[in-house]
Amino acid sequence: MDGMLSQEEIDALTGGASASSASVTESTKTLTDAERDAVGEIANINMGTAATTLSTLLDTKVTITTPRVSYVTMNELSKQYDRPCVFIHISYIDGIDGNNILILKEQDVKIITDLMMGGDGSNVDGELTELHLSAISEAMNQMMGSAATSLSSMLEKKVDISPPSASLVDLNDTIEDASIASFLDDQVVQIAFDMKIGELVDSQIMQLYPFDFARDLYTKFMGNNDTAAAESSQAAPAPQPEAAPQMQQPVAPQPQQPTMDMNMAQPQMQQPAMGMNMQPQMQQPYMMPAQNVNVQPAQFQTFNPGISPLLQQENIDLIMDVPLEVTVELGRSNKSIKEILDFAPGTILELDKLAGEPVDVLVNGKYVAKGEVVVIEENFGIRLVEITK
């Protein structure tokens, strides 16, 4: 009566507004079926390329299955994934504006880094260190770099990423990395894969996409496909005008056969007959020699083993001016790195040659002669004493 609203009416109004806002938020935090399929297909191609790169890096077979696309919140993620786990933050800097997070289990990271360092994947004891995080960042850099190249081919534009950063995250604790924390404030798109690395790993990895990034991927992917389809449809009718003259060319001789309208098969049979008249002319070059055959034994030049074509004067002159490197090797010695580091002025290096023994003469690294050291005025020289054959 006094124009004021009761508490029940206020609650009803505020509750209705909240419900309306919630419905709007819900509609913006889902993807259409087409968007889900496109994002899944893009992720499937990218991770297939990344798996090939990781397999080459680890020298071990890596298999990644078809992705499963869903939605997840931070609370739901903490319940379904191991704790702690490794978050790899990947940012796109060219071609696409956005970022995503790749999540790996701590045990899987230890196995991957051990294989990268030349181990057999069994050295997984102890805590995850900065060395592990640095190694997995480099592995993900190569994996996602190859995935970006694959994405470039799909979108027909350059796509590049910044070096990924890895961090150990306990999903039950507060995330210290501000970029990751803001990323997971709300519901995100989850793309899960099953991953096998030889007989060592049978696990799961996942990617997290913001909804805006997923929709942007879909828009660029479909826009590129629409452009390709439009170009294909415009180019398709072009050959049709050229096909008509090709079909009309054999029809031109028909006016020369006006009397054969009762049986059209006869001129078709007569046309090969015209060709038969040409066959004797085509066969004459092959038949005529058979009438006068002159058979003679093959004649070859006399082979003189004393003359080698490689030693003929006219051939050797072509390479007379080619410079060659002549090296005289006094001897050799094998030393360890420790012994070499101990070298100092005055150190005597003992060689495997005896005093007075002939030294080796090499031309372009190939041993050709032996010689003895002589002194010519103030220079050393070599007197050749033996030439190898």
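Counting restarts for each chain: residues are numbered from 1 in the order of the written sequence. Restriction of local features to residues with pLDDT of at least 70 applies here, the model being predicted, together with a cutoff of 80 or more for giving and counting side-chain atom pairs; totals for whole chains, interfaces and linings are based on all residues. Side-chain figures throughout are based on the complete set of non-hydrogen atoms in the structure, without hydrogens or water.

Chemist: So, the pairing of strand β3 (residues 85-94): which residues are in play, and what are the values?
Modeler: The cut-offs for exposure are 20% and 50% of the maximum accessible area for each residue type, with area from a 1.4 Å probe on protein chains only; residues under the lower value are buried, those over the upper are exposed, and the others partly exposed. Secondary structure elements are taken from DSSP: a helix is a run of H or I of four residues or more, a strand is a run of E of two residues or more, and numbering for both begins at the N terminus. The element β3 is extensively covered by neighbouring structure, given that 7 of its 10 residues are classed as buried. Here, a strand pair is defined by DSSP locating no fewer than two bridges between the strands. Where β3 lies against strand β4 (residues 98-105), 8 bridges are found, and the strand directions are antiparallel. When the sheet's bridge partners are listed, His-89 is paired in β4 with Ile-101. Joining the antiparallel neighbours β3 and β4 is a turn of 3 residues, in which Gly-95 adopts a positive phi near 90 degrees. Here 5 bridges tie β3 to strand β6 (residues 165-169), and the two strands are oriented antiparallel to one another. Looking at β6, one finds that Val-86 is bridged to Leu-168. In this sheet, strand β5 (residues 160-161) lies alongside β3 in antiparallel orientation, the contact comprising 2 bridges. Following the sheet pairing, Tyr-92 is matched in β5 by Ile-161.

Chemist: Report on the nonpolar core, specifying residues and quantitative values.
Modeler: The nonpolar side chains of soluble globular proteins are, as a tendency, buried together. In this description, a nonpolar core means a group of buried Ala, Val, Leu, Ile, Met, Phe, Trp, Tyr and Cys residues linked to one another through side-chain atoms lying within 4.5 Å. Residues Leu-151, Ile-197 and Tyr-209 are the most contacted members of the largest nonpolar core, which totals 54 residues. Two residues form a contact once any of their heavy atoms are found within 4.5 Å. Apart from the residues lying within four places of it in its own chain, the contact partners of Leu-151 are Ile-42, Asn-46, Tyr-92, Ile-96, Val-159 and Leu-217. Formed by 16 residues, the second largest nonpolar core is a distinct cluster that contains Tyr-81, Phe-87, Ile-103 and Leu-208.

Chemist: Summarise a nonpolar patch on the surface; cite the residues concerned and give the values.
Modeler: Together, Val-328, Leu-330, Ile-340, Phe-343, Leu-349, Leu-351, Val-373, Val-375 and Phe-380 make up a nonpolar patch on the protein surface, roughly 850 Å² of accessible area in all. Topologically, Leu-351 is positioned in the loop between α11 (337-341) and β10 (359-363). Classification of Leu-351 as partly exposed rests on a relative accessible area of 34%. Residues enter patches when they are more than 30% accessible in relative terms and free of salt bridges; like-charged ones are connected within 9 Å and nonpolar ones (Val, Leu, Ile, Met, Phe, Trp, Tyr) within 5 Å. Computed with a 1.4 Å probe, the accessible areas rest on the Shrake-Rupley method; for each residue, only the protein chains presented here act as cover. Note on definitions: salt bridges are taken to be side-chain nitrogens of Lys or Arg within 4 Å of carboxyl oxygens of Asp or Glu.

Chemist: A description of the packing of helix α4 (residues 106-116) against helix α5 (residues 130-155) should follow, citing residues and the corresponding values.
Modeler: To obtain each axis, a line is fitted to C-alpha atoms, and for helices this fit is confined to the stretch in contact; angles are then taken between N-to-C directions over 0 to 180 degrees. Two numbers describe how α4 lies on α5: the axes approach to 9 Å, and their chain directions differ by 80 degrees. For the element pair α4 / α5, the angle class is roughly perpendicular. Within the contact between the two elements, α4 uses Val-109, Lys-110, Ile-112, Thr-113 and Met-116 and α5 uses His-132, Ala-135, Ile-136 and Ala-139. Under this scheme an angle from 65 to 115 degrees is roughly perpendicular, one under 35 degrees roughly parallel, and one over 145 degrees roughly antiparallel; angles in between are oblique.

Chemist: Could you give an account of unusual backbone geometry, naming the residues involved and the relevant values?
Modeler: Positive phi, close to 55 degrees, is recorded for Glu-156, a residue that is not glycine. Note that Glu-156 resides in the loop between α5 and β5. A positive phi angle is found at Asn-364, which is not glycine, with a value near 55 degrees. Inspection of the secondary structure puts Asn-364 in the loop between β10 and β11 (366-376).

Chemist: Explain the pairing of strand β8 (residues 201-209) to me, using residue names and the numbers behind them.
Modeler: Burial analysis of β8 places 7 of its 9 residues in the buried class, which makes it a mostly covered element. Strand direction decides the pairing type here: strand β7 (residues 188-197) and β8, joined by 9 bridges, are antiparallel. Within the sheet, the bridge partner assigned to Ala-192 lies in β8 and is Met-206. Between β7 and β8, which follow one another and run antiparallel, lie 3 residues, and Gly-198 among them has a positive phi close to 55 degrees.

Chemist: Can you break down the packing of aromatic side chains residue by residue, with the values?
Modeler: Geometry of aromatic contacts follows a simple scheme: Phe, Tyr and Trp rings, the Trp one being its six-membered ring, pair when their centres are within 6.5 Å, and the pair is stacked under 30 degrees between planes, edge-to-face over 60, tilted otherwise. For the structure on display, the rule yields 3 aromatic pairs. Centroid distance Tyr-71 to Phe-211: 5.4 Å. Interplanar angle 35 degrees. Geometry classified as tilted. Taken together, the positions of Tyr-71 in strand β2 (residues 68-72) and Phe-211 in helix α7 (residues 211-235) put the pair 140 residues apart, joining distant regions of the chain.

Chemist: Let's hear about the sheet that holds strand β9 (residues 326-329): which residues, and what values?
Modeler: Strands pair in a sheet through their backbones, by hydrogen bonds, and they do so in one of two ways: parallel or antiparallel. If you trace the 4 strands from one edge of the open sheet to the other, you get β9-β10-β11-β12, paired in antiparallel fashion. Single-partner strands in this sheet number two, and they are β9 and β12 (379-387). With direction set aside, neighbouring strand axes in the sheet form an average angle of 40 degrees. Pairing geometry for β10 and β11, over 5 bridges, is antiparallel. Along β11, the bridge assignment pairs Asp-360 with Lys-370.

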